[in-house]
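Survey of secondary and tertiary structure
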Amino acid sequence: MHKPELLAPAGSKEALIAAIENGADAVYFGGETFGARHDAGLTLEELKWAIDYTHINKAKAYVTVNTLIKDSEFKRVSEYLQFLCNAGADAVIVQDMGILKLLKDQLSQLPIHASTQMTIHNPEGVQFLEDMGVKRVVLARELSLDEIRKIKSRTNTEIEVFIHGALCISYSGQCLFSSTIGDKSGNRGYCTQPCRRKYTIDGAKGHLLSPKDLNISERIGHLIESGIDSFKIEGRLKHPEYVAGVVRIYRGLIERYLENPVDFQVSYDEQHTLRQLFNRGFTEGYFFGNPGGNLMSRKQPHNQGTYLGNILKYDRDRKFAYINIEQPLRIGDGIGTEGRGTGTSIRSMYINNQSVESTPACATVKIPMEKIVYSNETVFKTYDFKLMESFRIKDTKRKIPLNMSFTAKRGKPVTLCITDGVNQVTQKGDVPEKATGSPISEDSINQHLKKLGNTFFEPENIVIDLDNDIFIPISQLNTLRRTAVKKLEDELTRKWKRKCIKPDISFNSREIQTKTKPLLSVNTCSFESFKAGVDGGADVVYFGGENFTDITLTPEDYQSAFEYGKQKGVEVYLSAPRIDKKLDELGELKTLNELSPNQNPDGFLVANPGALYRLHNSTDKSLIIDYPLNVFNRLAMTHYLEYCQRVTLSPELTLDEIKQMAPHGPVECIVHGFFPLMVSEHDLLGELFPDDRMHEAILEDEKGFTYPVKTDEQKRTYVMNSRELCMLNHIPELIDAGVSCLRIEAKTYDKKTTGKLTQSYRKAIDNGTMGHCGGKYSTGHYFSGVL
């Protein structure tokens, strides 16, 4: 039976040691820059140590370089990639297509893993990356096990999935929420987790976007049987004890299943430990079907721990809570009630007014609590001091035992020979002097040779052959030891070290384009709005894709749209949906088989790598890359232009950044409308209001900002930008930037609004003048960049 890799997170040196000590086959971690967990980065020296330590302990080291990269950062990121390649990283985990292209062309020695941030969710998406030289793909977390099996059967690439830890409500790589509300981009490692905040929809209140944590422990056998290559634990921001505990349990579960799958089960203690370490409630995610409302943790967005008991009463004057507890409690434990921020660390507690250090189960205990709690409130143990102590690494790291032999004879250089049993190093020093005072002793030599400090080694046996009446300076002993150990380290680590060239940042762009009047495109999902865009003066109209209306588009609608566009001399492009899990079909594109060649679209707007792969290999029609592919730099842009005629840039770019890219290739920018900040497989409205069949609503945050929520035909949820994007006041600047096409996102508009906006932009573009944005609006990130 295939044995999967167990891949653990490490946000610190201590967490990495914990992962290795408890059985991880591989560890993933990031540096201080270019990683999707900005607050969990290692320094360059720590990265080098981490790679060496992981390899010395027979595990693999994967480094995250999984953010979108700006053009201005490529010099630094190329030096960083060279450093990682030389240091011997087993792979880098990548989101940005420009980085992927750079690695493929210039650092082929460094294996590539495609991050879940690339939103890969169908076989063709994996095949597209396979052709780019990607060794492994981390699939989107919204796939079922059957869908994963189909992907695995149709590709040769290694497949990695998450099995435990925090979940995002949005498809990873498709979330712009954090950057929109605070200029901190989740695609750049600065996510502020807006999904964990409180919201209101039509009277429903709570943490409405907060998912539970993934826990697949009880079904681990199904995943093993599926042939998945790597099981990934989320948690680079978690403490080392969490990493130790989760890794230890999953290591045991995998080994037990492989040894005896028939009798496999997860023990109560293992289940309890996983809950106690950290949980927001547990879910098996989408592996075995859509979990519906069971995906969500609407009351508690933080760790809820394990059930402890209930509040009996609260003394407001003395600020004591009387709690009936059902499991033992100790000084140092943490407790809290559900969802109210009442957490406290226990520093004192009393039974029958007697101070106690610990309690039995099933007791009434009095505990100081500053925040008011209420009778019958449920209390949870959020931190178990004794459990955490059991997972704390007592020794800082595992060491390699050394045998050391030291020889000092009159008239000959001193010699130190060290060996780890496989590699051996001999280092010679100066000829020892005749002692004029006290000679050096064996004990002194022994004590100084043992000082291996922050190295990978520890002395196991030291043999000393020493003549009498000789003197050796302590500084010489220390230098001899350090030099010998460094040589042994070099000998040990050279097996994975590489000599890699620094990538040459050459964008290989097309010739600088002459500035021309930009095209005007309109993106629609209803036939009426489509016609309004055509009649309003659009050069290009996109049709289909995600549908936010109550009307399902039919083959006749497509036929009518294509015919109408041809009559009016307007190009009509069919939108491929950004999420297409149908595997053997390309969503709405199957309707093309029912149409004659004259009734086909002029091209396709492509929003996921799988669609790009299929269309590039099956049609000669024009392709346009859509913004969900996160084109953030010229390397990504020029790569995609090998497949298409135009690239839509990320809406997280500023106008100044666009100015640097637009002259070097045809680019499109969204200039008006509402577009998704989040795309979720979860049917938010359907689960909150199962009897109302709502397809749209308004999400309101605690500050009063509102966000339109839409549901498409597949019951996916789209949270839109709070304020309408409008760049009508800045048309001359966009024209001056060299943008080839300006787009109105009209999928949320009726035909009247679509027509009016199209006419306004048509007039402003033709005259090269500013229009007027009415009401409250936003200019997005055009003048406010993202971290």
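Attention here is on the structure that accompanies the text. Note that the structure is predicted; figures quoted are calculated from it, not measured.

What counts as what
The numbering scheme is per chain: residues are counted from 1 as the chain's sequence reads. The predicted nature of this model means local features are confined to residues of pLDDT at least 70 and side-chain atom pairs, given and counted, to a pLDDT of 80 or more, with totals for whole chains, interfaces and linings taken over all residues. Side-chain numbers here rest on the full set of heavy atoms in the structure, without hydrogens or water. The criterion is simple. A nonpolar core is a set of buried Ala, Val, Leu, Ile, Met, Phe, Trp, Tyr and Cys residues joined through side-chain atoms within 4.5 Å. With a 1.4 Å probe rolled over the protein chains alone, any residue whose accessible area is under 20% of its type maximum counts as buried; one over 50% counts as exposed, and the rest are partly exposed. Numbering goes from the N terminus for both helices and strands, where a helix is a DSSP run of H or I of at least four residues and a strand is a run of E of at least two. Any pair of residues with heavy atoms lying within 4.5 Å of one another is described as a contacting pair. Cysteine sulfurs are considered disulfide-paired once they come within 2.5 Å of each other. Two strands form a pair only when DSSP identifies at least two bridges running between them. Here an angle of 0 to 180 degrees is reported between the N-to-C directions of two axes, which are lines fitted to C-alpha atoms, with helices fitted over the stretch in contact.

Structural notes on the nonpolar core
The biggest cluster of nonpolar side chains holds 224 residues, and the ones touching the most others in it are Phe29, Leu129, Ile163, Ile220 and Phe406. When residues in this core are grouped by element, the largest group, 10 residues, is from helix H9 (residues 240–259). In this view, phenylalanine 406 contacts Val414, Thr415, Leu416, Ile445, Leu449, Val463, Ile464, Asp465, Ile472, Leu477 and Leu480; residues no more than four positions away in its chain are not counted. Ranked by size, the runner-up nonpolar core spans 18 residues in total, among them Ala321, Ile323, Ile325 and Val373.

What to know about the state of the cysteines
If you walk through the whole model with that rule in mind, you get two disulfides. Paired by a disulfide, cysteine 85 and cysteine 500 hold their sulfur atoms 2.0 Å apart. The sign of the S-S torsion, about -60°, decides the handedness of the disulfide formed by cysteine 85 and cysteine 500: left-handed. With cysteine 85 in helix H3 (residues 74–87) and cysteine 500 in the loop between helix H13 (474–493) and strand E30 (519–524), this residue pair connects regions lying 415 residues apart in the sequence. We classify cysteine 500 as buried; its relative accessible area is 6%. Here cysteine 168 stays unpaired: no disulfide links it, and the sulfur of cysteine 195, its closest cysteine neighbor, is 6.3 Å away. Relative accessible area serves as the criterion here: at 38%, cysteine 168 is assigned to the partly exposed category. Residue cysteine 741 stays outside any disulfide, its sulfur separated by 9.1 Å from that of cysteine 669, the closest cysteine. The class of cysteine 741 is buried, set by a relative accessible area of 0%.

Quick notes on the side chain of glutamine 427
Looking at the element boundaries, glutamine 427 is found in strand E26 (residues 424–428). Residues in contact with glutamine 427, not counting those within four places in the same chain, are Val414, Thr415, Leu416, Leu480, Thr483, Ala484 and Lys487.

Some remarks on the sheet that holds strand E39 (residues 706–711)
Ordered in space as E10-E9-E38-E39-E40-E37, the six strands form an open sheet in which the pairing is antiparallel. On the outer flanks of this sheet lie strand E10 (204–206) and strand E37 (676–680), each paired with one strand and no other. Here the average twist between neighbouring strands, direction ignored, is 20°. Pairing of strand E9 (residues 199–201) with E10, which is carried by three bridges, proceeds in the antiparallel orientation.

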